[in-house]
Amino acid sequence: MREPPQTDEGWYVLHDFRRIDWAAWRDAPERERDRAIEEGVEYLERHEAVEDAADGASGVFSMVGHKADLLIVHLRPTLDALSTAERRFDRTALGAFTEQSTSYVSVTEVSGYVSDAYFADDEEEVDTGLKRYIEGKLEPEIPEDQYLSFYPMSRKRGEQDNWYDLPFERRREMMQEHGEHGREFGGRVKQIVASSVGLDDWEWGVTLFSEDPTDLKDIVYEMRYDEASARYSEFGPFYVGRRFPPADLSAFLAGETVPTVDGEGDAHAHGEGGGHHDHDHGESAHGESEGHDHDHGSDEDQAEDGIRGELEDLNIYAGKPHGEDVYATVLYSEADADELFEEVDGLRSNFDHYDTHVKTAVYDALERDRRAVVSIWDTASAADTAAGFLSELPGIVSRAGEESGFGTMGMFYTVKPEHREDFVEKFETVGGLLGEMEGHGETDLMINREDENDMFIASQWRSKDDAMDFFRSDEFSDTVSWGRDVLADRPRHVFLA
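Computed from a predicted structure; not experimentally measured.

Here is what the cut-offs are and how they apply
Going along each chain's sequence as written, the residues are numbered from 1 onward. Residues qualify for local features only when their pLDDT is at least 70, as the model is predicted, and side-chain atom pairs are given and counted only at 80 or more; totals for whole chains, interfaces and linings, by contrast, use all residues. Where side-chain values are given, they derive from all heavy atoms of the structure, hydrogens and water being excluded. Here a pair means two rings of Phe, Tyr or Trp (six-membered ring of Trp) with centres within 6.5 Å. Their orientation is stacked below 30 degrees between planes, edge-to-face above 60, and tilted elsewhere. Helix numbers and strand numbers start at the N terminus; a helix is a DSSP run of H or I with at least 4 residues, a strand a run of E with at least 2. When a residue's accessible area, from a 1.4 Å probe over protein chains only, is under 20% of the maximum for its type it is buried; when over 50% it is exposed; and in between it is partly exposed. Geometrically, a lysine NZ or arginine CZ counts as sitting over a ring once it is within 6 Å of the ring centre and also within 35 degrees of the ring normal. Any two strands with at least two DSSP bridges between them are considered paired. The definition of a nonpolar core used throughout is a set of buried Ala, Val, Leu, Ile, Met, Phe, Trp, Tyr and Cys residues joined through side-chain atoms within 4.5 Å. Contact criterion: two residues are considered in contact whenever any of their non-hydrogen atoms come within 4.5 Å of each other.

Novice: How would you sum up the packing of aromatic side chains? Please name residues and give values.
Specialist: What the rule picks out here adds up to 16 aromatic pairs. Ring geometry for Phe 17 against Phe 150: centres 5.9 Å apart, planes inclined by 45 degrees, an arrangement best described as tilted. Here Phe 17, found in strand E1 (residues 7–20), pairs with Phe 150, found in strand E5 (residues 147–155); they are 133 residues apart in sequence, far enough to count as distant. The two residues Phe 17 and Phe 150 agree in class, both being buried. Of the aromatic side chains, those joined through ring pairs into one cluster are Phe 17, Tyr 104, Phe 150 and Tyr 239. The ring of Tyr 239 has Lys 67 sitting right over it, with the charged end atom 4.9 Å from the ring centre. Between the NZ or CZ atom of Arg 370 and the centre of the ring of Tyr 332, over which it lies, the distance is 3.9 Å.

Right, here's the structure in full:
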């Protein structure tokens, strides 16, 4: 019986591979080369900024090997927009020095292997997390300053092994196994998988991105042992390169390393460009597969490093900026507790598919009608992505760290069960002292709805100096000493603003 999975399509994709006529480039007068660079940079910047269309994304890559020198990737809402972008490059002075060595046309898609509810048009059954995930697959971003591996692939249609003869449930089972192995590379490898059935010579175009090119090798190598690949897949040629910003085009044509680096050793950043979804939670490669990063290290982080240093001088453990070896996002809600928990539980079931997810839970404030949703991840980008999903939960009023003033958070208080009541009583005593301190705004003890021994304390202060006065106080020192006997884990004091 015919059982083709349903599909939904997003942006069209063009991989435009170019060889440069280096002999002509060397022989050209300097004014012609300058014009080619100027028009090339203008073209690339305009298309990365998506000035030519209502939406999309573009990026340029320096390729390695004989198959191409340059790759321009475009994603646009229509096939006509891709055609226009391709021809506009040919009309630039830079285009005159290139020839198209090959190209690949495809369209992003999600299939019935992802979710039955999505294709049943049942809005109530499709939670916010799944919607965001699907948006990210249909309208993906192109990661900056990362290595790329592109290859086409198809499913086998042989006499002995024919993917299309298999029942739907058998195919879904193999794709789920494939996806589980792909998620082991969560936080290291991102992907764009686009269908090219009827559009190009293979059935899918797979584009992998990573900061480490060996991860590109490893994910393809390891996943070839999955039955879906080992038995039912065929692969075309592989192309490898690295993205660079348009401003580095002159350096690329001069044979220099791109992206160029500044005196600090950091690659130039790209322009704002198109695309608006970046899901990183570990992806499974090879067509019909499912899956879901950003740099961090801002002035804010450096400020937090200085604060933690001050705390260390007071013999107070401050952990890492968002916790221990993890990253936390915290949002406050005033929604009904049961309604909020139900929504979070739905999101959590999707988060649990990704190896970067540590924990997501709802905490109730001890003394007022307020709840906190805490989501903890292995990577900062995953935590930021999760925050996007969580921000659409009912009754969200703020994200920790966005309030005015200066915020601190003591997290990971795991209380020994026999001392739970003592801990709550101690908090009430300390809370009374805090209320008398100059510069203190409010402090909440938040208790996990599913584990009453898991708590955190969030405080709001007028300024950093006011918060540090508390940490220097005898009352705080006495509380820390007392806590060593009642806590099952070491607390961390995290600054949020």
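Resuming the write-up.
Novice: Explain the pairing of E5 to me, and be specific about the residues and the numbers.
Specialist: On a regular strand, one side chain projects to one face of the sheet and the next to the other, so that they alternate. E5 sits mainly inside the fold: eight of its nine residues count as buried. Note: E5 against strand E7 (residues 204–210), seven bridges, orientation antiparallel. Among the inter-strand pairings, Ser 149 is bridged to a residue of E7, identified as Leu 208. As judged from the three bridges shared by E5 and strand E8 (residues 233–235), these two strands associate in the antiparallel manner. Considered in E8, the bridge of Met 153 is made with Phe 235.

Novice: Please provide a residue-by-residue account of the nonpolar core, values included.
Specialist: Residues Leu 249, Phe 252 and Leu 253 are the most contacted members of the largest nonpolar core, which totals 22 residues. The biggest single contributor to this core is helix H2 (residues 30–48), with five residues. For Leu 253, the residues in contact, after removing those within four places along its chain, are Ile 20, Trp 22, Trp 25, Ile 37 and Leu 94. Counting residues in each nonpolar core, the second largest holds 21 residues, with Ile 134, Leu 138, Tyr 354 and Leu 390 among its members.

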